[in-house]
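Examining the three-dimensional arrangement
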Amino acid sequence: MRERALELRDALPGATDMLEKMAEGIAVEGMESLTPALVDRMVPILELVDADSLLVLADPERIRRRAHDLVSTTQEFLAAAWTSAAAGGSVPLDLSAASFASIEDARDVAARRGLGWWSLTHFGADAELAASDLDAPEGLAEDRDGARASDDDVTTLRLGARDVEGYRGDVERAIADLADLTRQGWRLVLVTEGAGPARRLSEQLAGAGVPSRLVADVDGEVEPGVVHVTTAVIGRGYVAEPARFAIFTESDLTGRAGASTRDVRKLAPRRRNVVDPLALRAGDFVVHEQHGVGRFIELVQRAVGGAKSATTREYLVIEYASSKRGQPGDRLFVPTDALDQVTRYTGGESPSLSKMGGSDWAATKTRARKAVKEIAGELVRLYSARMATQGHAFGPDTPWQRELEDAFAYIETPDQLVTIDEVKADMEKTVPMDRLICGDVGYGKTEVAVRAAFKAVQDGKQVAVLVPTTLLVQQHLQTFTERYAGFPVTVAGLSRFQTTAEAKAVREGVSEGKVDIVIGTHRLITGEVRFKDLGLVIIDEEQRFGVEHKETLKQLRTNVDVLAMSATPIPRTLEMAVTGIREMSTLATPPEERHPVLTFVGPYEDKQITAAIRRELLREGQVFYVHNRVESIERTAAHLAELVPEARIAVAHGKMNEAQLEQVILDFWEKRSDVLVSTTIVETGLDISNANTLILERADVLGLSQLHQLRGRVGRGRERAYAYMLYPPEKPLTETAHDRLATLAANTDLGAGMRVALKDLEIRGAGNLLGGEQSGHIAGVGFDLYIRMVSEAVMRYRGEEVEELADVTIELPIDAHIPHSYVPHERLRLEAYTKIAAAAGPDDVAAVREELTDRYGPVPESVALLFRVAELRTLARSVGVTAVTIQGQFIRFAPVDLLDSAQLRLKRLHPRAILKPAIRTILVPAPMTARIGGEVQRDGALIDWVTGVLKGVVGSDVGAAAAAVSS
């Protein structure tokens, strides 16, 4: 398969990256689409099931129509690809082998193999007629798909079950009905999706005097007259009257759709951070802390030492500007155990390369440091002013707080738990909180806000939730109200969706203290809203608010806690957070079963639009179609109706009146329309996990943060989501638009928002942290190093110690590397090397070792030695030694300044040792395998010996020195 992927590379230029990764054995998103071209033949799934298997068709009429539509949609996609090829695009591969079989084909396979075939249908059949006329395999419940397979009689069974009556949130009526059924001796099961709601409903039933029992599972006979409350995911319930049995679900009681529109976010107990820190490709620019900006060439293995004692090491090759005119560039070989010195360059598009050993890099760093010093001084003044302000110290969590948190229907991600703890800790301090939560779209930022707001209300304070759009006001109002159901918390919304009288009532409620939490747009900060006792301001989608809004907010919040949330923080916000001026929490763990959005960038093509909409309709999904011009949006909707007549199309834009817009969005939310043609008004706040195709008509005119936000509208459920970023084929793309679309196409994986923001910083440049002028220093030294410089300058201003990590060189005959056989792919080896090099202490080293074992199996000896070299490097740094190298029969340690007592100890333990005080170096005879004719010891034995010298001679640990000599 790897060989075929490599061969296909030229035939499919659009999938080059995907095919190259597959050729190297790396699994990539979307590779399943190329399966037919990579294997000899595709096998129908029914050929693979056991011979005594039973097939159950739920709703055969719908399955028959779906199967037919799937085949025709595949044909439409192929036709669209050929049209594009005729216009100069790449020739498509025929992937018809991956097409879906019709129901007749599936039936033929089942009949040939003698598989059981049951159909479950809503449509009744005449039992007598079915028994006499129809011929189908034995055991059939009701065969209505028209295929014939055998002459046996059909068995028709009728189930006396019906849907549960919908209570639409009237929980009291539901509890009264359950009480009535328990008195009649019915067997009853009540199912919720989360453990919190299950406990809450159990308490409500007990409070109403209804016999109930909270159980982990219902695996035996259900006891009559008792409601069994448990957790499971089963959509809707049913009532079987003849059996006196009923299952009710949470959605039956509340009227809200369960898993279909609001996915169950089961989470891995711990998701590793698998975003590789370098992700380097040949030709990428990197920054080495000592030598400056260079170009990454490759990762190479080289033998070190003589023929007998040769060991293998792996090096990162970086090319710098040539020191002699007309000559090729100088190359630096960086040992992979020192990768913590190298960072990827983020700054200008194509920086000039530094010269190795030249003064230009030192001068660039000096200029940057000078500018950074001024910025840091101003930042520290700001920070000090904030730290000196007395805010409200909120009290510890109340029992109600714990009850609210237990009622959360999903399992919190590890990042969410950490962030919630950080926010609470900030709120409990007297210093006003100023925290930014950076988490990608759908990663659970809102739940953090819900808990923080509740904590503030528990202390009698009011909360203002500031959001950029009226739609987001509606969505948050619904979320907050649902979460606070059953608690005495008053939540109100303030947006143009309300009448003047309603808005006035809300404002009065806020000023009198009757409203605890108000959710609103910019109206909250226009000065017309007066708070009685404001304690917390939550800013959602912070990147959407301009400088003026934030200035107004500053006046609001001199001593108020502030919690800002964003998926793609604007460069200045990001820079302030990364430099430590604002506290920052990152939510990087995606919900389990969430897939990255497959992103396609290309010219607009009617046939592709048609096929994409039809594919989404086939899986009963919905489509966002973004057309950002109000005057022509109706024409676009009419054109789509011609292309896909069966789709129910709705239109939404900001110039509609409030009631109309609200109704359109509500209809889309409740699946009464299939395609929502809208302006970018849907950019924030719509959480509709049933919508999994996004079509952006003019992606070339939108900003990077907007594009990422819009793409975040889809892919919020379990289904694979698609985003089409289109541009007019007749217009050339501008350089910036090309960069933006390329960034989006490259960053499709989960949690890419932070990287998109960093790339935005690169494309736009970051302004000065405090003012508007552009800062050229980021382009000079790269973002990572610049940020570190600002952080260090800030620490110095605060009077804190800045630990400068020295570059430590270890060149010894130690076979420490990651073998190709253990981690075959270069990019993944680089990732592992970087993590090992960055490990600061024993705990970090243990965590990296555990991760490698988890991902690739037990670590081989050469990798175990790499961990030991990392520990040795940390030890050398702690005693001030920056070079431990082999020189013939000696081991050289430098720089070393030995006290007289240490010099005596060195001479006593190693009589042939040479001291060179002028150059602060000692040469110690290397340990040999034998006194006569032996060789220098290697690997683990040598590491033990060097550790003894560093601890015992340089670090004055006498016991360690003696142990090293005896070994």
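In the annotation of an unreviewed UniProt entry, the entry for the protein chain reads Transcription-repair-coupling factor, and the organism field reads Litorihabitans aurantiacus. Turning to the protein chain, the UniProt record has this under Function (unreviewed entry): "Couples transcription and DNA repair by recognizing RNA polymerase (RNAP) stalled at DNA lesions. Mediates ATP-dependent release of RNAP and its truncated transcript from the DNA, and recruitment of nucleotide excision repair machinery to the damaged site." The annotation that UniProt attaches to the protein chain under Subcellular location (unreviewed entry) is "Cytoplasm".

Pairing within the open sheet is parallel, and its six strands lie in the order E21-E26-E25-E22-E24-E23. Unpaired on one side and paired on the other, strand E21 (598-603) and strand E23 (649-652) mark the two borders of the sheet. Pairs of neighbouring strands in the sheet enclose a mean axial angle of 20°, with direction left out of account. With four bridges connecting them, E23 and strand E24 (residues 675-678) associate as parallel partners. If you follow isoleucine 649 over to E24, its bridge partner there is valine 675. Contacting strand E22 (622-626), E24, strand E25 (691-696) and strand E26 (722-727), helix H18 (residues 606-618) runs over the sheet at an angle of about 165° to E25. Against the sheet, helix H19 (residues 633-643) engages E22, E23 and E24, with an angle of about 165° to E23.

Let us now look at the sheet that holds strand E29 (residues 890-894). As a general point, the strands of a sheet are linked pairwise by backbone hydrogen bonds and lie either parallel or antiparallel. Strand order in the open sheet formed by five strands is E27-E28-E29-E31-E30, and the pairing between neighbours is mixed. Each of the sheet's edge strands pairs with one partner strand only, and the pair in question is strand E27 (809-811) and strand E30 (914-916). For this sheet, the mean inter-axis angle between neighbouring strands, taken without regard to orientation, is 20°. Across three bridges, the pairing between E30 and strand E31 (residues 921-925) is antiparallel. Residue pairing for E31: leucine 915 is matched across the bridge by isoleucine 922.

It is worth spelling out the pattern of salt bridges at this point. Two side chains bearing opposite charge may form a pair once their charged atoms approach each other closely. As enumerated under the stated definition, the model contains 27 salt bridges in all. For arginine 435, the salt bridge goes to aspartate 426, with nearest N and O atoms at 2.8 Å. For aspartate 426, a relative accessible area of 7% corresponds to the buried category. Measuring nitrogen to oxygen at the nearest pair gives 2.7 Å for the salt bridge that ties glutamate 447 to arginine 451. Of this pair, glutamate 447 and arginine 451 are both found in helix H13 (residues 445-458), four residues apart, which corresponds to roughly one turn of the helix.

In terms of nonpolar packing, the biggest core is built from 58 residues, with Leu316, Leu852, Phe893, Val946 and Leu950 touching the most fellow members. Ranked by residues supplied to this core, first place goes to helix H28 (residues 861-878) with nine residues. One finds Phe394, Tyr443, Val463 and Phe487 within the second-largest nonpolar core, a separate group that totals 33 residues.

Reading guide: rules and limits
- Residues numbered from 1 in each chain as written.
- Predicted model: local features only at pLDDT ≥ 70, side-chain atom pairs only at ≥ 80, totals over all residues.
- Heavy atoms only, no water.
- UniProt positions renumbered as here; feature names shortened; annotations may be inferred.
- Pairing = 2+ DSSP bridges.
- Helix = DSSP H or I, 4+ residues; strand = E, 2+ residues; numbered from the N terminus.
- Axes fitted to C-alpha atoms, helices over the stretch in contact; angles between N-to-C directions.
- Contact = heavy atoms within 4.5 Å.
- Salt bridge = Lys/Arg side-chain N within 4 Å of Asp/Glu carboxyl O.
- Buried < 20%, exposed > 50% of the residue type's maximum accessible area, 1.4 Å probe, protein only.
- Core = buried A, V, L, I, M, F, W, Y, C linked by side-chain atoms within 4.5 Å.

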